[in-house]
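Spelled out, the chains give:
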Amino acid sequence: AQSVTQLDSHVSVSEGTPVLLRCNYSSSYSPSLFWYVQHPNKGLQLLLKYTSAATLVKGINGFEAEFKKSETSFHLTKPSAHMSDAAEYFCVVRGGSQGNLIFGKGTKLSVKP
Amino acid sequence: DVKVTQSSRYLVKRTGEKVFLECVQDMDHENMFWYRQDPGLGLRLIYFSYDVKMKEKGDIPEGYSVSREKKERFSLILESASTNQTSMYLCASMEWGQETQYFGPGTRLLVL
């Protein structure tokens, strides 16, 4: 069965410093993995997705994630945090009996000035 | 741009009431989904539909039902609302054969 584990429920960084949001996955086959972002009082928006092409995936707003099969990880990074990055981030794997999305519990990112 | 709209942003209902949450998408997507989002639990799938009049149970269907009479509209029904159904409800749509889901802004439901 497919699953994802987000290792931190809350991450706090200063503006201009790097962002690292950690995600490990479990899958019996090559997974499709996603990161979604939810800004306060807004719907979820796709940041990026990995579907077995390049292992380094670039997304919107300067975010990227690297698929590491040996570590079963799909961590989200950004070189320099901006105040507008403050949001909740969800790591997601496609799985289940119907190929539906399975969400992690979320990581809330705070950005200090 | 894909647009998914939900009928209400905030809703307050009383225990035992029948509640309808409506979702409409404008991109002719075959697949539509209802999730609930609770702090510390992420999103959990309630029901989904891959065609008109078709529905499938997700991970937590108990206490809910759905209706899909038209392709663009997917309704979530709480037959008799209970306080443990207080939550944020998110609707999503997806084109058949694709993997990206597009989400509405959510309905925050409070059951008193």
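This text follows the structure it describes.
The structure presented is a predicted model; accordingly, all values stated were derived computationally and were not measured. (Residues numbered from 1 in each chain as written. Chains lettered and ligands numbered in written order. Predicted model: local features only at pLDDT ≥ 70, side-chain atom pairs only at ≥ 80, totals over all residues. Heavy atoms only, no water.)

Side note on the overall build of chain B
The number of helices and strands found in chain B is zero helices and 11 strands. The linear arrangement of helices and strands in chain B, starting from the amino end, is β-β-β-β-β-β-β-β-β-β-β. Since a compact globule built from 112 residues should have a radius of gyration of about 13 Å, the 13 Å found for chain B is in line with a globular shape. Its C-alpha atoms give chain B principal-axis dimensions of about 40 × 25 × 25 Å. Per-residue burial over chain B gives 49% buried out of 112 residues. Sequence-distant contacts in chain B: of pairs separated by 6 or more residues, those separated by 24 or more amount to 56%. Of the roughly 5600 Å² that chain B leaves accessible, carbon and sulfur atoms contribute 49%. Positive and negative side-chain charges of chain B, numbering 15 and 16 respectively, have mean locations separated by a distance of 8 Å. (Helix = DSSP H or I, 4+ residues; strand = E, 2+ residues; numbered from the N terminus. Rg over C-alpha atoms; globule rule 2.2 N^0.38 Å. Buried < 20%, exposed > 50% of the residue type's maximum accessible area, 1.4 Å probe, protein only. Contact = heavy atoms within 4.5 Å. Areas by Shrake-Rupley, 256 points an atom, 1.4 Å probe, with all protein chains shown as cover. Lys, Arg positive; Asp, Glu negative; His and termini not counted. Charge placed at Lys NZ, Arg CZ, Asp CG, Glu CD.)

Remarks on the interface of chain A and chain B
At the junction of the two partners, chain A supplies 20 residues and chain B supplies 20 residues. Roughly 1600 Å² of surface becomes buried between chain A and chain B when both sides are summed, with 49% attributable to carbon and sulfur atoms. A per-residue breakdown of the area chain A buries against chain B is headed by Leu44, Asn100 and Phe103 of chain A, which together make up 27% of the total. If you look at where chain A meets chain B, you find one salt bridge. Among the salt bridges present, the one from Glu99 of chain B reaches Arg94 of chain A, with a minimum N-O distance of 3.0 Å. Inspection of the region where chain A meets chain B yields five residue pairs in polar contact (both at pLDDT 80 or more). Of the residues assigned to the side of chain A that touches chain B, the class counts are seven nonpolar, eight polar and five charged. (Buried area = accessible area lost by both parts, 1.4 Å probe. Salt bridge = Lys/Arg side-chain N within 4 Å of Asp/Glu carboxyl O. Polar contact = N/O pair within 3.5 Å; in protein donor to acceptor, adjacent residues only side chain to side chain. Nonpolar A, V, L, I, M, F, W, Y, C, P; charged D, E, K, R; others polar.)

Describing the state of the cysteines
Within the structure shown, the criterion is met by two disulfides over all chains. Each sulfur in the disulfide pair Cys23 of chain A and Cys91 of chain A lies 2.0 Å from the other. The disulfide joining Cys23 of chain A to Cys91 of chain A has a torsion of about -70 degrees about its S-S bond and is therefore left-handed. With Cys23 of chain A in strand S4 (residues 23-26) and Cys91 of chain A in strand S10 (residues 87-95), this pair connects stretches of sequence that are 68 residues apart. Between the sulfur of Cys23 of chain B and that of Cys91 of chain B lies a disulfide, 1.8 Å long from S to S. (Disulfide = S-S within 2.5 Å.)

Some thoughts on the packing of aromatic side chains
Applying the stated criterion across every chain yields a total of 14 aromatic pairs over all chains. With a centroid separation of 5.5 Å and 45 degrees between ring planes, the pair formed by Phe63 of chain A and Tyr89 of chain A is classed as tilted. In this pair, Phe63 of chain A is assigned in the loop between strand S7 (56-58) and strand S8 (64-68) and Tyr89 of chain A in strand S10, connecting sequence segments 26 residues apart. By relative accessible area, which is 1% here, Tyr89 of chain A ends up buried. A ring pair is formed by Phe33 of chain B and Phe48 of chain B, whose centres lie 6.1 Å apart and whose planes are at 25 degrees; its orientation type is stacked. On the criterion of sequence distance, the pair formed by Phe33 of chain B in strand S4 (residues 31-38) and Phe48 of chain B in strand S5 (residues 42-49) is long-range, its members being 15 residues apart. Joined through ring pairs, the aromatic side chains of Phe34, Tyr36, Phe90 and Phe103 of chain A together with Phe33, Tyr35, Phe48 and Phe103 of chain B make up one cluster. (Phe/Tyr/Trp six-rings, centres within 6.5 Å; stacked < 30°, edge-to-face > 60°.)

Let's talk about the pattern of salt bridges
Residue and element names in this part refer to chain B. This structure, assessed with the given rule, holds 11 salt bridges over all chains. With a shortest N-O distance of 2.8 Å, Asp38 and Arg44 are connected by a salt bridge. Taking relative accessible area as the criterion, Asp38 reaches 12% and is therefore assigned buried. Sharing partners across several salt bridges, the network here consists of Asp28, Glu30 and Lys71.

Regarding the pairing of S5 of chain B
Residues and elements named next belong to chain B. Of all the eight residues making up S5, seven are buried; the element is thus mostly covered by neighbouring parts of the structure. Bridging between S4 and S5 involves seven bridges; their strand directions are antiparallel. If you follow Phe33 over to S5, its bridge partner there is Phe48. Where S4 folds back onto S5 in an antiparallel hairpin, the turn is made up of three residues, including Gly40, whose phi is positive at roughly 80 degrees. Note: S5 against strand S6 (residues 56-57), two bridges, orientation antiparallel. (Pairing = 2+ DSSP bridges.)

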